[in-house]
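Residue-level structural notes
Residues per chain are reported as follows:
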2 protein chains.
Amino acid sequence: MTKTQETELMEMAKRRGFIWPSFEIYGGAAGFYDFGPLGSAMKNNIIKKWRDIYVCGEGFLEIDSPTLTPHEVLKASGHVDHFTDAMVECKKCGSAFKATDLIKDKTGQDVEGLGKEKMQEVIKQDGIRCPDCAGEFGEVFDFNAMFKTAIGPGSKRVGYLRPETAQGIFIDFKRLFRHARGKLPMGVVQIGKGYRNEISPRQGMIRLREFTMAEAEVFFDPEDPKHPKFSDVAHDHLNLWLSKDQIAGNEKLTEVVAETAVDKKTICNEIMAYYLALTQRFLLGIGIPPAAIRFREQNPRQRAHYSSETWDAEILTERFGWVEVTGLAYRSDYDLVSHAKASGEDLSAFIEEKKKKVVCHVIEPSYGIDRPFYCVLEHSYTTDGKRKILKLKKDLAPVKVGVFPLLNKDGLPEKAIEVEKALKADCLAAEYDASGTVGRRYSRADEIGTPYCVTVDHQTLQDLTVTIRDRDSTKQVRVEVHELPCILKSLLRDEIPFEKAGKPI
Amino acid sequence: MTKTQETELMEMAKRRGFIWPSFEIYGGAAGFYDFGPLGSAMKNNIIKKWRDIYVCGEGFLEIDSPTLTPHEVLKASGHVDHFTDAMVECKKCGSAFKATDLIKDKTGQDVEGLGKEKMQEVIKQDGIRCPDCAGEFGEVFDFNAMFKTAIGPGSKRVGYLRPETAQGIFIDFKRLFRHARGKLPMGVVQIGKGYRNEISPRQGMIRLREFTMAEAEVFFDPEDPKHPKFSDVAHDHLNLWLSKDQIAGNEKLTEVVAETAVDKKTICNEIMAYYLALTQRFLLGIGIPPAAIRFREQNPRQRAHYSSETWDAEILTERFGWVEVTGLAYRSDYDLVSHAKASGEDLSAFIEEKKKKVVCHVIEPSYGIDRPFYCVLEHSYTTDGKRKILKLKKDLAPVKVGVFPLLNKDGLPEKAIEVEKALKADCLAAEYDASGTVGRRYSRADEIGTPYCVTVDHQTLQDLTVTIRDRDSTKQVRVEVHELPCILKSLLRDEIPFEKAGKPI
């Protein structure tokens, strides 16, 4: 993807209603994006695909807990103390910067996790000054990245917007474990908003202050970190970027099959390896090519306060390089122990069949939804001569079928509207378009990734047949109108090859 | 529903995982509820049903904008100034009360919208004192009911959690109108969280501080308030509780057909009447009986600052009386004019076919999701002798099929698990249950509203047939295993009567 294509893509995404900056008429606010009509549909399609895997396929329980969370919960979880970013403020103009970003911009150094003192030192030694006014910086300090508010009148009860959906699951452990009838491993998911009060977000959709997360928490007996379905993924190939290679400045990836990675202890256990593989399958499923997926092993200074092993699934993009889209963290018993201690509740699990009591360990595959959304757009946007095509997987496409009258006369529009209505009544996302030439309408449909276009022409009025055009091949077939919903559904599910869907033209 | 049944229902809802108070292990926080695994599934089913009507059926555009909203937006919309509750604080113990609630509790008087002075007067005249400590109250004052926070470091940029999803739509009007290719009426929806910092919420799920909303905004030319599909609903009967009857202390409802209500100007125009009827159809569709639905006309002092005519759809409940679940407000051009003025953007619409420029008027059907959720539970909970049945509409039921082995031996559990897996692979929400007797399992399934239960018995091993039991009639039929997914899907869609689904037993 060239620079021009990138600009074209983002311009298209705004113009056609995928995404645009929020609060635009008020000059916008960094870190916030709106999903327009097409974006909202595509985002829902990504969420559906994730839910199909985790809830339908893996049988995880789904819950829905508040985004607003009282202080006690996030104090116990460690977020009040550790969910911070090192920040500096210009003494002259007051502009605030995330210390790591500032240092990276000015020196290229990655000082993530090195501590405030080290950052202070670099700023001083390199003479880094305010990019806005060249003023001097004050001390580096910790800025808590949670949005804070008061619950109820006054400021007695402090609350925060949740930094992750996970805590809502941990504090419900007792109820959930009873619901699962005491069976381990137990999987629970939550899909919803998460918040991070970024100091000065740039990077568009990659660094958002409000984002959608899909998090899964797998609770298991630490003495039995086996996964019952591990054999299903045992031979999946994974590209790992090991911590030791990162430290050595080595970009090379280690390709392993899941089974070997566990045997060699490269990945801590079967459960972790299972979800790495499942994550890869999800990312492939939404249309990310295999070569653009890697798993980065976080080194200790990069890991969150609760994690003892973390793998980040990353997607390669033209615009932002490798982008973290899923974090797979071994949270051990950190959260359950912390909440048990702070609340006084017993959060251990009695395993009936083994007659023993354990505090579960947790492995968490935590997915962002906005970042993969962006990555899918980038990886789907292609140019074929003059044609611009968003080669979305059919199940992600916001519009499934464009419906056109060949001409805007002779009763063709009326017939086409009738066809569109019938498709909609059958729950197919159809869109009528009668503006400009048919060629222009095909282009518009290609641009937003619509897999099929149906055209009503004069022959339709005679024999009740219409043409279907395939986005990727531009081939066309002619089918009978009454079979249309059924044929389109089969095509969308890849049950029949396009050529066999009707009479080739 | 008796008092005992009410308690039973709420106890069941917690125990079985529909809903429970949030942050329970920390003593809870008033105004917050968690949706457990069953509740979350049922809530998603209600949302799906709503989306099927508004997005698939009516063709509304859906967007998704942030919950966090900068000050400018909510200042312009009037929420910073008018989204307030009259509040009093005890001078002695500091307890805070919503003045209207306090006065209603102590005197039975409804002083909603009467102004702070009047409330002050009542508190003084009736000698109302603090229910907690009998202390004296201070002055009645306005408490802004939005949760406030700061965006970015420092407190320079004030933000609020949105009190409604609607503002995200209004400020995107230009982009949306372009997307709709300049056609009116244009409908746009948003589904997501809304927030209201209630002073002292009681009433469980009815008065939440964080809730899910599904809002629709219908933009139209004020000179043309016709609805193109009005004839579809023209003969729908509506029960209206008119403002004049409320003022006269008269409980009687006026039954009218939609068409007559518009002709007689009881309802302002076709668009408003269309959405009253659509709301009623939605509520009927989720299982609320017709007699438990009414539309209350708000009188001027009850209406929000932006509204010139409002109808509240209300559902009758045993526990809370009539509960408002949908507000249908005529917002006129209030929001577009306010935002145009505050932002300097032209938010008028050029209507191509009429060659004229208008500022659209807006009618807003705004649905809560949590309240109908509660109402559905209450209206579905029934007792038939000893049987407790949640008679949920099949499409709302969180579990569609229970799968049981008749006995826990002879290979029956293995076979039943196989059946469950096959159903799940076919995207049917199936649940395996092998604990206790089959009778107990039927009871448990009835209690959570599972429409069908499949039992694997010894005959299954011989001829590959299983029984299906119908929740409501308790009748059973025997069918072949390989036909099971197909038959269950037909049953769930009401395509075949139960008796014809297989061989009666």
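Scoring rules and cut-offs
- Residues numbered from 1 in each chain as written.
- Chains lettered and ligands numbered in written order.
- Predicted model: local features only at pLDDT ≥ 70, side-chain atom pairs only at ≥ 80, totals over all residues.
- Helix = DSSP H or I, 4+ residues; strand = E, 2+ residues; numbered from the N terminus.
- Rg over C-alpha atoms; globule rule 2.2 N^0.38 Å.
- Buried ≥ 20, exposed ≤ 12 C-beta atoms within 10 Å, placed from the backbone.
- Contact = placed C-beta atoms within 7 Å.
- Least-squares fit on C-alpha atoms with pLDDT ≥ 70 in both.
- Nonpolar A, V, L, I, M, F, W, Y, C, P; charged D, E, K, R; others polar.
- Domains from an automatic or database assignment.
- Core = buried A, V, L, I, M, F, W, Y, C linked by C-beta atoms within 7 Å.
- Pairing = 2+ DSSP bridges.
- Axes fitted to C-alpha atoms, helices over the stretch in contact; angles between N-to-C directions.
- Left-handed = near helix turned anticlockwise from the far one by under 90°.
- Arc of directions from axis to C-beta.
- pLDDT = per-residue confidence, 0-100.

**What to know about the overall build of chain A**
- If you tally the helices and strands in chain A, you get 18 helices and 27 strands.
- In terms of C-alpha radius of gyration, chain A reaches 26 Å, essentially the compact-globule figure of 23 Å for 505 residues.
- The buried share of chain A, taken over its 505 residues, is 48%.
- Sequence separation of 24 or more characterises 65% of the internal contacts of chain A that already satisfy a separation of 6 or more.

**Some words on unusual backbone geometry**
All names here are of chain A.
- Following leucine 184, the chain continues to proline 185 via a peptide bond in cis, the omega torsion being -10°.
- Its place among the elements puts proline 185 in the loop between α8 (173-179) and β10 (186-195).
- Even without a glycine there, the phi angle at serine 332 is positive, about 45°.
- Within the secondary structure layout, serine 332 lies in strand β16 (residues 321-332).

**Some remarks on the relation of the copies chain A and chain B**
- When chain A is fitted to chain B, the residual RMSD is 0.0 Å, and the transformation amounts to a turn of 180° plus an axial shift of 0.0 Å. The two molecules are tied by a two-fold rotation axis, judged by turn and shift. Judged by C-alpha distance, threonine 149 of chain A is the residue of chain A that lies nearest the rotation axis, at 2.6 Å.

**Description of the interface of chain A and chain B**
- On the chain B side, the residues contacting the 51 residues of chain A number 51 residues.
- Contributions of two or more residues to the side of chain A that touches chain B are made by β2 (33-35), α2 (37-57), β3 (61-63), β4 (68-70), α3 (71-76), β8 (148-150), α8 and α13 (334-343) of chain A.
- In terms of residue count, the dominant contributor to the side of chain A that touches chain B is α2 of chain A (5 residues).
- Split by residue class, the side of chain A that touches chain B holds 25 nonpolar, 13 polar and 13 charged.

**Considering the domain arrangement of chain A**
- Each assigned domain of chain A is listed with its residue range as follows: domain 1 (3-80 + 146-379), domain 2 (84-144) and domain 3 (399-504).
- Between domain 2 of chain A and domain 3 of chain A, the C-alpha centre-to-centre distance is 57 Å.

**Digging into the nonpolar core**
- In terms of nonpolar packing, the biggest core is built from 286 residues, with Leu276 and Val401 of chain A together with Leu276 of chain B touching the most fellow members.
- Filtering out sequence-adjacent residues up to four positions away, valine 401 of chain A remains in contact with Leu423, Leu428, Ala430, Thr450, Tyr452, Cys453, Val454 and Leu488 of chain A.

**Remarks on the sheet that holds strand β13 (residues 254-257) of chain B**
All names here are of chain B.
- Spatial ordering of the open sheet is given by β3-β10-β11-β19-β16-β15-β14-β12-β13, a layout of 9 strands whose pairing is mixed. Two strands in the sheet have a free side with no partner beyond their single neighbour: β3 (61-62) and β13.
- Strand contacts of helix α12 (residues 270-285): β11 (210-220), β12 (237-241), β14 (293-297), β15 (309-317), β16 (321-332) and β19 (361-368), with the helix running at about 150° to β16, the strand carrying the most contacts.

**Some details on the pairing of strand β20 (residues 381-384) of chain B**
Residues and elements named next belong to chain B.
- Sheet analysis places β20 next to strand β21 (residues 387-390), joined by 4 bridges and oriented antiparallel. Its bridge partner lying in β21, tyrosine 381 is registered against leucine 390.
- The turn joining β20 and β21, which pair antiparallel and follow one another in sequence, is formed by 2 residues; a positive phi near 65° is taken by glycine 385.

**Some words on the environment of tyrosine 330 of chain B**
- Turning to its location among the elements, tyrosine 330 of chain B is positioned in strand β16.
- Separated by 21 residues in the primary sequence, tyrosine 330 of chain B and glutamate 309 of chain B have C-alpha atoms spaced 5.1 Å apart.

**Overview of the environment of cysteine 93 of chain B**
Residues and elements named next belong to chain B.
- By the secondary structure assignment, cysteine 93 is in the loop between β5 (84-89) and β6 (96-98).
- For the pair cysteine 93 and leucine 488, spaced 395 residues apart in the sequence, the C-alpha separation amounts to 60 Å.
- Among residues more than four places away in sequence, those in contact with cysteine 93 are Cys130, Asp132, Cys133 and Gly135.

**Regarding the packing of helix α5 (residues 99-107) of chain A against helix α6 (residues 116-125) of chain A**
Residue and element names in this part refer to chain A.
- Two elements in contact, α5 and α6, have axes separated by 11 Å at closest approach and are oriented at 35°. The crossing of α5 and α6 is left-handed. Of α6, the residues touching α5 (which contributes Ala99, Ile103 and Thr107) are Met119, Val122 and Ile123.
- By residue class, the composition of the contact of α5 with α6 is 5 nonpolar, 1 polar and no charged.

**Describing helix α5 (residues 99-107) of chain B**
All names here are of chain B.
- For α5, the complete set of buried residues consists of Ala99, Leu102 and Ile103. The buried side chains of α5 occupy one side of the element, clustering within an arc of 95° when seen end-on.
- Residues of α5 that are buried make contact with β5, β6 and α6 (116-125).
- Positive backbone phi, approximately 80°, marks glycine 108, located one or two places after α5.

**Examining the confidence of the model for chain A**
- Mean pLDDT over chain A stands at 95; residues scoring 70 or higher make up 100%.
- In the predicted complex, the global pTM is 0.97; the interface-specific ipTM is 0.96.

**Notes on the sheet that holds strand β25 (residues 465-470) of chain A**
Residue and element names in this part refer to chain A.
- Taken in spatial order, the 6 strands of this open sheet run β23-β22-β24-β25-β26-β27, and their pairing is mixed. Here the strands that pair on one side only, and so sit at the sheet edges, are β23 (430-432) and β27 (503-504).
- Packing against the sheet, helix α18 (residues 484-492) makes contact with β22 (401-405), β24 (452-456), β25 and β26 (476-480), and its axis sits at approximately 160° to β24.

**Quick notes on the pairing of β26 of chain A**
Residue and element names in this part refer to chain A.
- Of the strand pairs in this sheet, β25 and β26 are connected by 5 bridges, and their pairing is antiparallel. Bridge pairing in β26 links isoleucine 468 to valine 477.
- In this antiparallel pair of consecutive strands, β25 and β26, the connection spans 5 residues, and threonine 474 shows a positive phi of 60°.
- Judged from the 2 bridges that link them, β26 and β27 form a sheet pairing that is antiparallel. From the neighbouring strand, arginine 478 faces β27, where its bridge partner is lysine 503.

**What to know about helix α18 (residues 484-492) of chain B**
All names here are of chain B.
- By the burial criterion, the buried members of α18 are Leu484, Leu488 and Leu491. Looking down the long axis of α18, one finds its buried residues gathered within 60° of arc, a one-sided arrangement.
- If you follow the buried residues of α18, they end up packed against β22 (401-405), α15 (412-425), β24 (452-456), β25 (465-470) and β26 (476-480).
- Aspartate 494 occupies a position one or two residues after α18 and carries a positive phi of about 60°.

**Some thoughts on the environment of phenylalanine 141 of chain A**
All names here are of chain A.
- Its location among the elements puts phenylalanine 141 in strand β7 (residues 141-144).
- Residues phenylalanine 141 and glycine 194, 53 residues apart in the sequence, show an inter-C-alpha distance of 24 Å.
- The residues touching phenylalanine 141, leaving out its near neighbours within four places in the chain, are Met87 and Lys116.

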